[in-house]
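Structural overview for review
So you can see what is in the structure, the chains are spelled out below.
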2 protein chains.
Amino acid sequence: MWQYQAPLRDMRFVLEHWLQAPASWAESPAFAEVDLPLALQVLEEAARFSSGVLAPLNASGDRQGCRWQAGEVRTPDGFAAAYRTYVEGGWPALACAPEHGGQGLPQVLDAALQEMLYASNHAFSMYTGIAHGAYLCLQAHAPQALRERYLPAIVSGEILPTMCLTEPQAGSDVGLLRCRAELQDDGSYHLTGSKLFISGGEHDLTDDILHLVLARLPDAPAGTRGISLFLVPKRLDDGSRNAVRCDGIEHKMGIRGSATCSLSFDGAQGWLIGEANHGLAALFVMMNSARLHVGLQGLGHAEAAWQNAADYARERRQMRAPARPEGVAAAPADPIHYHPAMRLALLRLRAVSQGLRAIGYWGAHLLDQAEYAALESERQRAARLAGLLTPVIKAFFTDQGFHLASEALQVFGGYGYTAEYAIEQTLRDSRIAMIYEGSNEIQANDLLLRKVLGDGGAALDELLAVFEQEVAAGGEYADSLKKLCANVQGLVKGIFANAESDSEYPYRIAGDFLHLLGWVLLAFAWARSSRLAAPLLVEDPWYQEKLDSAGFFFTYLLPETELRIARIEAARAPLAFLA
Amino acid sequence: MWQYQAPLRDMRFVLEHWLQAPASWAESPAFAEVDLPLALQVLEEAARFSSGVLAPLNASGDRQGCRWQAGEVRTPDGFAAAYRTYVEGGWPALACAPEHGGQGLPQVLDAALQEMLYASNHAFSMYTGIAHGAYLCLQAHAPQALRERYLPAIVSGEILPTMCLTEPQAGSDVGLLRCRAELQDDGSYHLTGSKLFISGGEHDLTDDILHLVLARLPDAPAGTRGISLFLVPKRLDDGSRNAVRCDGIEHKMGIRGSATCSLSFDGAQGWLIGEANHGLAALFVMMNSARLHVGLQGLGHAEAAWQNAADYARERRQMRAPARPEGVAAAPADPIHYHPAMRLALLRLRAVSQGLRAIGYWGAHLLDQAEYAALESERQRAARLAGLLTPVIKAFFTDQGFHLASEALQVFGGYGYTAEYAIEQTLRDSRIAMIYEGSNEIQANDLLLRKVLGDGGAALDELLAVFEQEVAAGGEYADSLKKLCANVQGLVKGIFANAESDSEYPYRIAGDFLHLLGWVLLAFAWARSSRLAAPLLVEDPWYQEKLDSAGFFFTYLLPETELRIARIEAARAPLAFLA
């Protein structure tokens, strides 16, 4: 019943018109050979893989889940074969450097690929999703011998990496971790300790697994300044098993086809990555990429929710609606998408998911520009903007993914609550993304405390300048966007002022500020989409949908910003402690 | 890990002070023997049963689920024994009439009982929850012989009833149902057809099951005016099986211990209840009670979510908070409820769940008054108010139950996503209540179209008059409540005016109007709680929490009303149809 078709038409609109990515690629030597036809060909192949191979395993993987026995993990039937197809398709190599066997394509294409993978099968894509971040981290910080040994294996898909951060007592607070590492005579380290919630910590997709592990050296200072990063393979060079053991897997609300492992390191051999006690800095290089990925999970769930709800609403007839589209004759019962409550839900699903796509791909495009733009000043500006957008993409997108999955489920009525339609799986799967890779509360603090207050509002001003460029370009919603920007500017001024006398204030409003910025970004996305779509409509009626969605956004969804502004104002009042 | 303790202290506050129910009971001959000590004794026993017997079966029942084989259903281990304890405790009889063996206690006490049952084990309480509504329906509409045969069996718990409305093609649109009934020579009927999503349609808790079935007579008009209600027992008088068969059970997102059955009626013998073709009218008598019940599920989930999240937040330490309660020394890591984002979530959980309790019990108290108040005019007024509150209680409470379960899950971080802490079960279980017993969209239409616009705003004026009485009584938040009422009055005037020229408008705003009224009711609940608690604080520091929550509500939660008002205004714009 549940199905997924990659929204190639909208992806093309975002790449070609909204981002004007091909023009940007043409200017950059790294992507000199990348053009729109090539990009579309890559996306078409990715669409075939995600819709044809992964989507059919989504519900069955959830039903079967993973099985743990005596330290070994079996993934659901079909996952290992799908992984072989994934590897044969060259997908792990997409955005990796040619020198390691990669295809050297832009990250924005990888973002579109990831959206498809997560939308069609979130659980499967947990195994593959971490690889690019680990690749970036090792590329930047691993000693040459390890780079040569492991980067080609990641790029070819021969090996899958993990991220081993969390311990039972150390979740959001990584500074509390206790896993320890002791230097050996040969320059390697022995790691000892327990890690929790390790996605893909053990599985049967690859023979070897590469753990990136945070641990403490014996003389390390307490807290986050005493954490180092280590590379710990499942197999040693002679093919024997390293002293890493999977003690069990979690029984979870969702992503049941993904093995979430408890790992014991019992003197496991590992190697230092980056500098001692600077493990978090070594991870920093992958953080934007990893958080963007999680945001794309939210986008993927929103898209899958929209598609499935719209399909169902077109088939299902119940009661007469108070109005019908022009020219449609009355029937004993109308398709439920004529009913205003369902129309509201469906138009919201469409407008938000497509708006998120533009913003999410922009985030990825900025990561490309931060690396490859011609001028240093452009690269720095892109990096600052990407840093500002990243927590919004991670948290706002995943909140929306969950809430939209719930709206879609409601469209299905009682059927939506049954496993048969699998929209309830989308809801369950989507919920984790609000928690991991830095909970959405952590993202909100990162955004307001570090990225806005921390730099005196400079990056935010750069973002507002982008919005003002859009306002200057005109279009039907330029005035609405302008007014919204002015409101945000006034509000931020107030936040700066109030934070001086009440240092807890930013923490109380961080979540609302992040959501406000999320809605403002969607307003930007739709103002721009509408302006760009209007002249294209003459040639192609497909663009009418864009104009409809923009209109819906600026009437029906803009009030969401009022709630957030009202809450930010209200939070000037002190907040009681719990007894 | 997951636990539930009935919030007896707050229940007492609502009954004794907020509702002043004992004074109301004293005035009514039907409840002459009911006083506060008796009520509290009943609630204490119910608390022992729900916390001691049902709560321990909640997670295990979810894990095990129901098993179907060859038409028979086995409920999870422990459910049958728990049901015997429930029957021995006399709980089915609580609010039934003494003439049928009932205890004749007020429905408001039954509401408190139901809150505990649903909070401690929603799945189990699906089997028992429908009984009182079926009792009311048969009491009002069944012929005497059937009343004598079945009412005492329902009251004793010997038999459990079901409601058989939904068919595959007829969900929200009951008018599409096809199940047919043919008159036999002996005055009984033979029923033929399929029913879907029948809670407790088959199980092993009782030997007999009493199906209340909607079906059509051969000459019945199409649509809702051709539907009749029938009583179809699982067992005939000679003990043999009637021609009703359970074809399977649903695999669902939640309430997995509740058997959701597909039933086939293959010439099953049944008896007409009420008049032919007036089956929906016969059900009407139980509708307020059934919808109130579902609202109490939302309250129960919110309460369980609050308790479990608060317990966890007191234990779990992560990072230093930006501020601590006065006198608390700094530590390497603070309890997470010191962190503003968690405090916001927890204070919201507490304020909303306790506010819902006051409003939910008020709804039940109004049902009592509608039946037993001394004056006919009082009874009519109570019935009108109950009719107005019912859709809000059903839909607003269940939306809150789900969203608060999600907020609570977030407090647990990664642990919340695992089955181990079972807060994810609360989230899954809570989701169904937004769908069944009339989806929340149906409730919203019922509220605005029928209960407000349909009577020219008379019932709403009566509700606002209650709020104005509260305003007149003074208290810290009287002015806020007054302002809010004035806003609502102005808004409603605009809704009436706009509905005249745009007949679809009310349908577009029905959901937001229902949520607005929900938040206004919570404002009333907290204004009144604060006014009543203030003088009691001198004697008992427990009331400080009430003042804290009221303060939190009127600063931090009141902005929710602004979103709803803004959306109601925005929806004057036309709403596109989906292509």
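Not measured: the values here are computed from a predicted model.

The rules we used
- Each chain carries its own residue numbering, running from 1 in the written order of its sequence.
- By the order in which they are written, chains take letters starting at A while ligands take numbers starting at 1.
- In keeping with the predicted nature of the model, local features appear solely for residues at pLDDT of at least 70, side-chain atom pairs appear and are counted solely at 80 or more, and the whole-chain, interface and lining totals rest on all residues.
- Here the side-chain values reflect all heavy atoms present in the structure, with hydrogen atoms and water set aside.
- Confidence scores labelled pLDDT are given residue by residue by the predictor and lie between 0 and 100.
- Contacts were defined at the residue level, with two residues in contact if any of their heavy atoms lie within 4.5 Å.
- Two parts lose some accessible area (1.4 Å probe) when they are put together, and adding that loss for both gives the buried area.
- Whenever a carboxyl oxygen of Asp or Glu lies within 4 Å of a side-chain nitrogen of Lys or Arg, that contact is scored as a salt bridge.
- Burial classification: accessible surface area is computed with a 1.4 Å probe over protein chains only, and a residue below 20% of its type maximum counts as buried, one above 50% as exposed, and the rest as partly exposed.
- Only runs of H or I of at least four residues qualify as helices and only runs of E of at least two qualify as strands under DSSP, and these elements are numbered from the N terminus.
- Here, a strand pair is defined by DSSP locating no fewer than two bridges between the strands.
- Where a domain begins and ends is set by an automatic assignment or by a domain database.
- Within 3.5 Å is the distance limit for a polar contact, defined as a pair of N or O atoms, with the added protein rule that one can donate a hydrogen and the other accept it, and that residues adjacent in sequence qualify only through two side-chain atoms.

1. Remarks on the confidence of the model for chain A
For chain A, mean pLDDT is 97; residues scoring 70 or higher make up 100% of the total. Prediction confidence for the complex, expressed as pTM and ipTM, is 0.98 and 0.97 respectively.

2. Thoughts on the interface of chain B and chain A
In this complex, chain B contributes 83 residues to the contact, which on the side of chain A involves 83 residues. Across the chain B/chain A interface, buried area totals approximately 7200 Å², and carbon plus sulfur atoms make up 64% of it. Of all residues in chain B, the largest losses of buried area upon contact with chain A belong to Y417, F577 and L578 of chain B, amounting jointly to 13% of the total for that side. Linking chain B with chain A are four salt bridges. Salt-bridge contacts for R567 of chain A lead to E560 of chain B; the nearest nitrogen and oxygen are separated by 3.1 Å.

3. Describing the pairing of strand 3 (residues 159–164) of chain B
Residues and elements named next belong to chain B. Where burial is concerned, most of strand 3 is hidden: six out of the six residues are buried. Burial of strand 3 is two-sided: the residues I159, P161 and M163 facing one way and the residues L160, T162 and C164 facing the other way are all buried. Bridge count for strand 3 against strand 6 (residues 208–215) is six bridges, and the pairing is parallel. Paired with P161 across the strands is L210, a residue of strand 6.

4. Observations concerning the environment of L292 of chain B
Residue and element names in this part refer to chain B. Relative to the helices and strands, L292 is located in helix 10 (residues 279–315). Among the residues examined, L292 registers a relative accessible area of 5% and is labelled buried. A sequence separation of 99 residues divides L292 from G193, and the C-alpha atoms of the two residues are 30 Å apart. Excluding residues that lie within four positions of it along the chain, L292 makes contacts with G360, A364, L367, T390 and I393.

5. Focus: the domain arrangement of chain A
Residues and elements named next belong to chain A. Under the domain assignment, chain A is made up of domain 1 (8–141), domain 2 (160–277) and domain 3 (439–579). The distance between the C-alpha centroids of domain 1 and domain 2 comes to 25 Å. Across the boundary between the two partners, domain 1 contributes 27 residues, which contact 28 residues of domain 2. At the boundary of domain 1 with domain 2, total buried surface from both sides reaches about 2300 Å², with 70% on carbon and sulfur atoms. Of all residues in domain 1, the largest losses of buried area upon contact with domain 2 belong to W68, V73 and Y127, amounting jointly to 25% of the total for that side. The partner of R241 in a salt bridge is E72, and the shortest N-O contact between them spans 3.3 Å. The tally of links from domain 1 across to domain 2 stands at seven residue pairs in polar contact (both at pLDDT 80 or more).

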